[in-house]
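Chain residues, written in single-letter form:
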Amino acid sequence: MDALRNDRIPNHVAVIMDGNGRWAERQGLERTDGHRAGVESVRQIVRAANDLGVGWLTLYAFSSENWSRPKHEVELLMSLPEAYFEQELPEAIEKNVRILSIGRDDRLPPGVRKSLGHAREQTAMNSGMRLVFALSYGSRGEIVDAVSRLLKDHEIGAIDPEAIDEKTFAAYLDQPEMPDVDLLIRTGGEQRVSNFLLWQIAYAEIVTTECMWPEFRRDHLEEAIATFRSRERRFGLTSAQVRGS
Ligand code: IPE
Ligand code: IPE
Ligand code: MG
């Protein structure tokens, strides 16, 4: 780990935490047991990312589309955040981690909304790693909401259409200060981005792993970061330009 520390550590790591259900089913357990086990991975990865010096960690915990899963599965998933925040908030405060969220809060059960709001408030002054939970989140919805907010500002004359550029637009997204994603990790073996951070992942390096989320640990994160470091990010330039020759 020491060799990795701060040596080209991606500033923004985003994770699609997939594979809980399959992990559980393979062991003859219920899908919901997989979600419960996944919480431990969240704990460990948050700790590891903070130790490594990651600036922003965004975790896809529940998508807009996940609302259509069987009722008992949705209920179980919605019972996890409260306990998680209750247990992890003291450590976040101690480690100067700031908890944020993206997604449509209004669909969340009151208990989840309350504990998430409490976690955000209690860490609002923290200046260390930004830990963002994507809960009830879909990127297309986020973009549509941004357009709607922008149009409202236009109506009251607060924005000049000629002056809208990418930076102005991004400021209307759920987390205006969120930087572009550097490293996007998807566990669970699928090769897709689903509905996650579509605006923010332009030029992100994508690392997918067969590892199911409940088994994802610090070593896997370090391996993904090592892969990230081995890539040449060109942002549309030529390799020679990037190497400065
Ligand atoms: C990810 O695991 C957790 C959520 C989507 C909430 P899944 O529940 O999607 O697990 P698989 O993909 O069915 O194995
Ligand atoms: C993506 O996983 C969403 C989360 C990890 C919260 P899904 O399991 O819902 O994605 P798809 O349906 O396989 O693309
Ligand atoms: Mg899945």
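Now for a description of the structure that goes with this document. Since the structure is predicted, the reported quantities are computational estimates derived from the model, not experimental observations. (Residues numbered from 1 in each chain as written. Chains lettered and ligands numbered in written order. Predicted model: local features only at pLDDT ≥ 70, side-chain atom pairs only at ≥ 80, totals over all residues. Heavy atoms only, no water.)

**As for the packing of helix 2 (residues 31–52) against helix 3 (residues 71–94)**
- Contact geometry for helix 2 and helix 3: axes closest at 10 Å, N-to-C directions at 25°. Between helix 2 and helix 3, the angle is such that the two are roughly parallel. The hand of the helix 2/helix 3 crossing is right-handed. Across from Arg31, Thr32, His35, Arg36, Val39, Val42, Arg43, Val46 and Arg47 in helix 2, the residues of helix 3 making contact are His72, Glu73, Leu76, Leu77, Leu80, Tyr84, Gln87, Glu88 and Glu91.
- Per-class residue counts for the contact of helix 2 with helix 3 are seven nonpolar, four polar and seven charged. (Axes fitted to C-alpha atoms, helices over the stretch in contact; angles between N-to-C directions. Helix = DSSP H or I, 4+ residues; strand = E, 2+ residues; numbered from the N terminus. Parallel < 35°, antiparallel > 145°, perpendicular 65-115°, else oblique. Left-handed = near helix turned anticlockwise from the far one by under 90°. Contact = heavy atoms within 4.5 Å. Nonpolar A, V, L, I, M, F, W, Y, C, P; charged D, E, K, R; others polar.)

**So, the site of ligand 1**
- Near ligand 1 you find Met17, Asp18, Gly19, Asn20, Gly21, Arg22, Arg31, His35, Ala61, Asn66, Arg69 and Leu77, and these make up its full shell.
- Contacts to ligand 1 include Asn20, whose backbone N or O atom sits 3.2 Å from an oxygen atom.
- A distance of 2.9 Å is found between an oxygen atom of ligand 1 and a backbone nitrogen or oxygen belonging to Gly21.
- Expressed as a share of its isolated accessible area of 380 Å², the protein-covered part of ligand 1 is 87%.
- Secondary structure elements with two or more residues in the shell around ligand 1: helix 1 (20–26) and helix 2.
- Looking at the shell around ligand 1 residue by residue, the classes come out as three nonpolar, five polar and four charged. (Near = heavy atom within 4 Å. Polar contact = N/O pair within 3.5 Å; in protein donor to acceptor, adjacent residues only side chain to side chain. Areas by Shrake-Rupley, 256 points an atom, 1.4 Å probe, with all protein chains shown as cover.)

**Side note on the sheet that holds strand 6 (residues 205–208)**
- Read across the open sheet, the six strands follow the order 3-4-2-1-5-6; overall the sheet is parallel. What marks the edges here is a single partner per strand, and that holds for strand 3 (98–102) and strand 6. Strand after strand, the sheet turns through a mean of 20° between neighbouring axes, direction not considered.
- In terms of strand pairing, strand 1 (residues 12–16) meets strand 5 (residues 183–186) through four bridges, oriented parallel. Residue pairing across strands places Val13 opposite Leu183, the latter belonging to strand 5.
- Sheet strands in contact with helix 2 are strand 2 (56–63) and strand 4 (130–137), and its direction is about 160° off that of strand 2. (Pairing = 2+ DSSP bridges.)

**A look at the pattern of salt bridges**
- Scanning the entire structure with this criterion turns up 22 salt bridges.
- A salt bridge links Asp174 to Arg149; the shortest N-O distance between them is 3.2 Å. Of the two residues, Asp174 is situated in the loop between helix 6 (166–170) and strand 5 and Arg149 in helix 5 (residues 139–155); the sequence distance between them amounts to 25 residues.
- Residue classification places Arg149 among the partly exposed positions, given a relative accessible area of 34%.
- Counted as one network, the salt bridges with shared partners bring together Glu40, Arg43, Arg47, Glu88, Glu91 and Lys95. (Salt bridge = Lys/Arg side-chain N within 4 Å of Asp/Glu carboxyl O. Buried < 20%, exposed > 50% of the residue type's maximum accessible area, 1.4 Å probe, protein only.)

**Points about the pairing of strand 5**
- Going residue by residue along strand 5, you find Leu183 and Ile185 tucked away on one face and Leu184 and Arg186 tucked away on the opposite face as well.
- The pairing of strand 5 with strand 6 spans four bridges and is parallel. In the sheet register, Arg186 faces strand 6, and the bridge partner there is Thr208.

**Topic: the site of ligand 2**
- Contacts to ligand 2 come from Ile16, Met17, Asp18, Tyr60, Ala61, Phe62, Ser63, Asn66, Arg69, Arg186, Arg192 and Ser194.
- Within the side chain of Asn66, an N or O atom sits 3.0 Å from an oxygen atom of ligand 2.
- Take Arg69: an N or O atom from its side chain is 3.3 Å from an oxygen atom of ligand 2.

**Describing the side chain of Gln200**
- Examined against the element boundaries, Gln200 turns out to sit in the loop between strand 5 and strand 6.
- Gln200 gets classed as buried once you look at its relative accessible area, which sits at 4%.
- Apart from the residues within four sequence positions on either side, Gln200 is in contact with Tyr137, Glu142, Leu173, Met178, Asp180 and Val181.

**Side note on the nonpolar core**
- With 45 residues, the main nonpolar core has Leu57, Leu59, Leu131, Phe133 and Leu221 as its most contacted residues.
- Counting only elements with at least two residues in this core, the list comes to strand 1, helix 2, strand 2, helix 3, helix 4 (110–122), strand 4, strand 5 and helix 7 (218–230).
- Element by element, the count of residues in this core is highest for helix 3, at nine residues.
- Contact partners of Leu57, with chain neighbours within four places excluded, come to Val13, Val15, Ile45, Val46, Ala49, Met129, Arg130, Leu131 and Val132.
- Core analysis: the second largest hydrophobic core is formed by 16 residues, Trp56, Val181, Ile201 and Ala204 among them. (Core = buried A, V, L, I, M, F, W, Y, C linked by side-chain atoms within 4.5 Å.)

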